[in-house]
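As a plain string of letters, each chain reads:
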Amino acid sequence: MTTLKSLWRLVRYKPLYFSCNSLVRITMYMERIVFGLICQAFLNALSTKHQLTPGFFMLFLPWLLVIALRVGVYYAGMHGIIHFDFRARALIQYNLFQYLLNRVHGAGKAYSQGENISYIRDDPQYIVTMLTGIGNFIALLLYSLTALVILLRTNVLITLLVFLPLVVVLALTRQARKSLQRYRQLSREATTEVTGVIGEIFSSVQAIQVAGAEPHVIGHFQVLSAKRRQAMLLDQLFSTMLQTVTSNVSDIGTGLTLVLIALLVNNGTLGPGDIFIFTYYLALVTSFFNEASSLLASYAQAKVSFTRLESLLPEAERDTLVTHQPLSLQGDLPEIPPIKKQAMPLECLEVHNLSYCYPGGERGIERINLSLRRGTLTVITGRIGAGKTTLLRTLLGLLPRAEGELYWNGELIAEPAHFFIPPQSAYTPQVPQLFSDPLRENILLGWPEQPGKQSLNKAIATAVLEPDIAALEQGLETLVGTRGIKLSGGQIQRTAAARMLVREAELLVFDDLSSALDVATEQLLWERLFSGGERTCLVVSHRPALLELADQVIVLKDGRVEATGPLGSLLEICEELQGIFNRI
Ligand SMILES: Nc1ncnc2c1ncn2[C@@H]1O[C@H](COP(=O)(O)OP(=O)(O)OP(=O)(O)O)[C@@H](O)[C@H]1O
């Protein structure tokens, strides 16, 4: 979809609100035209008649009528502009978020968090500002054409002699605007880079500290800040210079007019009203050229903004950003669709020939087959980089499989990403994500607590989290900080495990809990997990104690299944497993 078509689609989203903008501005400028004409007639008549009769003042009646209507028109116009601006911006952001939140895999261009926030916040605004600028442009165009006709009818020579040099000056400044655009682009890029680095620093405080990388990070930040300072300075300097020239153009025009009038007034062709109308109309007509060139600049900016936003939605249809949707900006928020509570009880999960390859490489998993039965523990093990996490993520639909089928109780799972969610399955990733909310919110994440079922307490106990909560001053209400920064690695993993357990899913999937838990705590967690009844678990681990507990062990090597079976028999035949065991 071209930028023009996308813009047109946005206009059609709220055409009434959009046209209010043009209408109010047209009224505003037409009021000036009417006032100019009346003053011209009044002043010319004044110079020929020597008595002021009441009839003279009747000339101002149409103008008084227009200003009487003005308040109403302004109100309607401003109402329209505000609503259009807000709704069009909200629509783009709504579509963006809808796409990003529904996307299960296939990341767009990898921007930092700060860059993403900057694009999502600022780019819709640039696009909508361009659209609201059209209203002013149309109104000014009408005003300028009408004024030009009136001025030509008043005096052709003065009109041409005043306008032609002005057009030349403004054309030159338009050329200069191209350079301004370049400086603006550079300053925006520099700002986005700085915002991006700030975001990354905030989200990786611990990583920077443990690596002792503070001086390096600060040095990098200073380099980027200096680049931004320079870019901003150039941008500001150039735009102020340009503004100075363009804002003085109308004064230059007025000067030219007065000189020409002084030369022509003696031959009696110009009355005082004519002199007035030249100087009165001129100021706004010159701003038409400014408006036209800034509209072109903001069109170029809108184009850049569309390209940037589209790079966040790599697989989306081209009109996704501007697809019309109802927005709940007033009144009650719509009901959130209820989460399906009825689980499809798991008897057997079959995986056939599951493959995935990371883009641009040969790494991934190849033709994996496995079978899980209800109430069993399956442990996937293998060396570092064997493909364990990739297997879990492809199975759960978090990575797009290249081939393979999955069957739940013999039924084909068409879209794993939409199927492997609670109450069917729940997953604790290797690096869990916590939010800067209280611990309770981090575990529940909006999951409704069943009255009397004590599922939260049970989940906390199974995840061996009660001693930690008891030690926290505010217990479950403790704010955990950004990404759980106030908690230890083990506490973060057990909080994520409790989040998973509270959902009481049919299949529990853990990716390597042992990376942050000591042996005793992990042992206790597995004991509690399996004492409560028949849980079906798929776990990535290399802990011998868990491998011994497993009903089946799947050994991965270079993305393929090397061997499958109970630990005892595998240790006799599988060299890969023997190697792993010997190293532990
Ligand atoms: N996003 C990625 N892009 C490209 N290659 C990747 C990506 N993620 C992982 N890989 C590669 O794919 C292979 C399998 O990675 P994976 O994380 O699944 O291994 P793993 O067995 O879980 O390792 P670990 O025990 O360290 O968690 C590795 O060689 C890894 O380098």
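Everything quoted here is computed from the prediction, not taken from an experiment. (Residues numbered from 1 in each chain as written. Predicted model: local features only at pLDDT ≥ 70, side-chain atom pairs only at ≥ 80, totals over all residues. Heavy atoms only, no water.)

### Digging into the site of the ligand
And step 1. Taken together, Tyr-358, Arg-363, Arg-383, Ile-384, Gly-385, Ala-386, Gly-387, Lys-388, Thr-389, Thr-390 and Gln-430 make up all the residues around the ligand.
And step 2. Here a nitrogen atom of the ligand and a side-chain polar atom of Tyr-358 are 3.4 Å apart.
And step 3. Within the contact set of the ligand, an oxygen atom lies 2.6 Å away from a side-chain nitrogen or oxygen of Arg-363.
And step 4. Protein contacts shield 63% of the accessible area of the ligand, which totals 630 Å² for the unbound molecule.
And step 5. Residue composition of the shell around the ligand, grouped by class: 3 nonpolar, 5 polar and 3 charged. (Near = heavy atom within 4 Å. Polar contact = N/O pair within 3.5 Å; in protein donor to acceptor, adjacent residues only side chain to side chain. Areas by Shrake-Rupley, 256 points an atom, 1.4 Å probe, with all protein chains shown as cover. Nonpolar A, V, L, I, M, F, W, Y, C, P; charged D, E, K, R; others polar.)

### A word on the pattern of salt bridges
And step 1. Throughout the structure, instances matching the rule amount to 17 salt bridges.
And step 2. Asp-123 is the salt-bridge partner of Arg-308, the closest N and O atoms lying 3.0 Å from each other. Of this pair, Arg-308 sits in helix H9 (residues 272–311) while Asp-123 sits in helix H5 (residues 113–154), and the two are 185 residues apart along the sequence.
And step 3. Overall, Arg-308 belongs to the buried group, its relative accessible area being 12%.
And step 4. The class for Asp-123 is buried, based on a relative accessible area of 0%.
And step 5. Among the ionic pairs, Lys-227 bridges to Glu-193, the shortest N-O distance being 2.9 Å. You can see Lys-227 sitting in helix H8 (residues 214–264) and its partner Glu-193 sitting in helix H6 (residues 156–203), a full 34 residues away along the chain. (Salt bridge = Lys/Arg side-chain N within 4 Å of Asp/Glu carboxyl O. Helix = DSSP H or I, 4+ residues; strand = E, 2+ residues; numbered from the N terminus. Buried < 20%, exposed > 50% of the residue type's maximum accessible area, 1.4 Å probe, protein only.)

### Regarding the UniProt feature "transmembrane region" (unreviewed entry) in the protein
And step 1. In this structure's numbering, the residues bearing the UniProt feature "transmembrane region" (unreviewed entry) are residues 57–77, 126–150 and 156–173.
And step 2. Measuring from the first to the last C-alpha atom of residues 57–77 gives 30 Å, for a span that is 86% helix and 0% strand.
And step 3. Secondary structure across residues 126–150 divides into 100% helix and 0% strand, with the first and last C-alpha atoms of the span separated by 36 Å. (UniProt positions renumbered as here; feature names shortened; annotations may be inferred.)

### Details of the sheet that holds strand E4 (residues 403–408)
And step 1. Reading across from one edge, E2-E1-E4-E5 is the order of the 4 strands in this open sheet, with antiparallel pairing throughout. Of all the strands in the sheet, just strand E2 (364–373) and strand E5 (411–412) have a single pairing partner and so form its edges.
And step 2. Two elements, strand E1 (residues 348–357) and E2, share 7 bridges in a ladder whose sense is antiparallel. Across the sheet, Cys-357 pairs through a bridge with Gly-364, a residue of E2. (Pairing = 2+ DSSP bridges.)

### Things to note about the environment of Arg-89
And step 1. Mapped onto the elements, Arg-89 comes out in helix H4 (residues 61–102).
And step 2. Between the C-alpha atoms of Arg-89 and Gln-523, which are 434 residues apart in sequence, the distance is 52 Å.
And step 3. Dropping the residues within four chain positions of it, Arg-89 is found in contact with Pro-124, Gln-125 and Val-128. (Contact = heavy atoms within 4.5 Å.)

### A word on the nonpolar core
And step 1. Within the largest apolar cluster, 60 residues are counted, with the highest numbers of intra-cluster contacts made by Leu-10, Ile-127, Tyr-143, Ile-158, Tyr-281 and Leu-309.
And step 2. Of all the secondary-structure elements, those providing two or more residues to this core are helix H1 (3–13), helix H2 (15–48), H4, H5, H6, H8 and H9.
And step 3. The dominant element in this core, judged by the number of residues it contributes, is H5, at 13 residues.
And step 4. Not counting the four nearest positions on each side in its chain, Ile-158 is found in contact with Thr-257, Leu-260, Ile-261, Leu-264, Leu-270 and Phe-278.
And step 5. Judged by nonpolar contacts, the second largest core, of 45 residues, contains Ile-469, Leu-517, Val-553 and Leu-577. (Core = buried A, V, L, I, M, F, W, Y, C linked by side-chain atoms within 4.5 Å.)

### Side note on H5
And step 1. Taking 1.5 Å as the rise per residue, H5 with 42 residues should run 62 Å; its terminal C-alpha atoms sit 60 Å apart, in good agreement.
And step 2. The largest bend in H5 amounts to roughly 25 degrees and is located at Asp-122, with the proline Pro-124 lying one to four residues further along. (Expected span 1.5 Å × (residues − 1). Bend = angle between axes of the 7 residues up to and from the residue.)

### Some points on helix H15 (residues 489–501)
Each α-helix turn comprises 3.6 residues. Residues three or four places apart therefore point the same way.
And step 1. Relative to the 18 Å expected for 13 residues at 1.5 Å per residue, H15 spans 18 Å between its end C-alpha atoms, a close match to the ideal helical length.
And step 2. For H15, a buried count of 12 out of 13 residues is recorded, marking the element as mostly surrounded by other parts of the structure.
And step 3. Restricting attention to buried positions, one finds in H15 the residues Gly-490, Gln-491, Ile-492, Gln-493, Arg-494, Thr-495, Ala-496, Ala-497, Ala-498, Arg-499, Met-500 and Leu-501.
And step 4. Turning to H15, the residues buried within the fold contact strand E6 (425–428), helix H12 (439–444), helix H13 (455–462), helix H14 (466–471), strand E7 (507–511) and helix H16 (519–531).

### Brief notes about unusual backbone geometry
And step 1. Cis peptide bonds are those with omega within 30 degrees of zero, and the linkage from Pro-422 to Pro-423 qualifies with 5 degrees.
And step 2. As for its position among the elements, Pro-423 is in the loop between helix H11 (416–419) and E6.
And step 3. A positive phi angle, near 45 degrees, is found at Asp-558, a position not held by glycine.
And step 4. Residue position: Asp-558 is located in the loop between strand E9 (552–557) and strand E10 (560–565).
And step 5. Residue class for Asp-558 comes out exposed when judged on its relative accessible area of 63%.

### A short note on the domain arrangement of the protein
And step 1. Its domain assignment divides the protein into domain 1 (3–186 + 244–322) and domain 2 (348–583).
And step 2. Taking the mean C-alpha position of each, domain 1 and domain 2 sit 59 Å from one another. (Domains from an automatic or database assignment.)

### Focus on the packing of aromatic side chains
And step 1. Summed over all chains, the structure comprises 14 aromatic pairs.
And step 2. Each ring, one from Phe-137 and one from Phe-288, has its centre 5.5 Å from the other, and the planes form 25 degrees; the classification is stacked. Within this pair, whereas Phe-137 is found in helix H5, its partner Phe-288 is found in helix H9, the two being separated by 151 residues in sequence. Taken individually, Phe-137 and Phe-288 each receive the classification buried, so the pair is uniform in this respect.
And step 3. When the centroid spacing of 6.0 Å and the interplanar angle of 80 degrees are considered together, the rings of Tyr-143 and Tyr-281 count as edge-to-face. (Phe/Tyr/Trp six-rings, centres within 6.5 Å; stacked < 30°, edge-to-face > 60°.)

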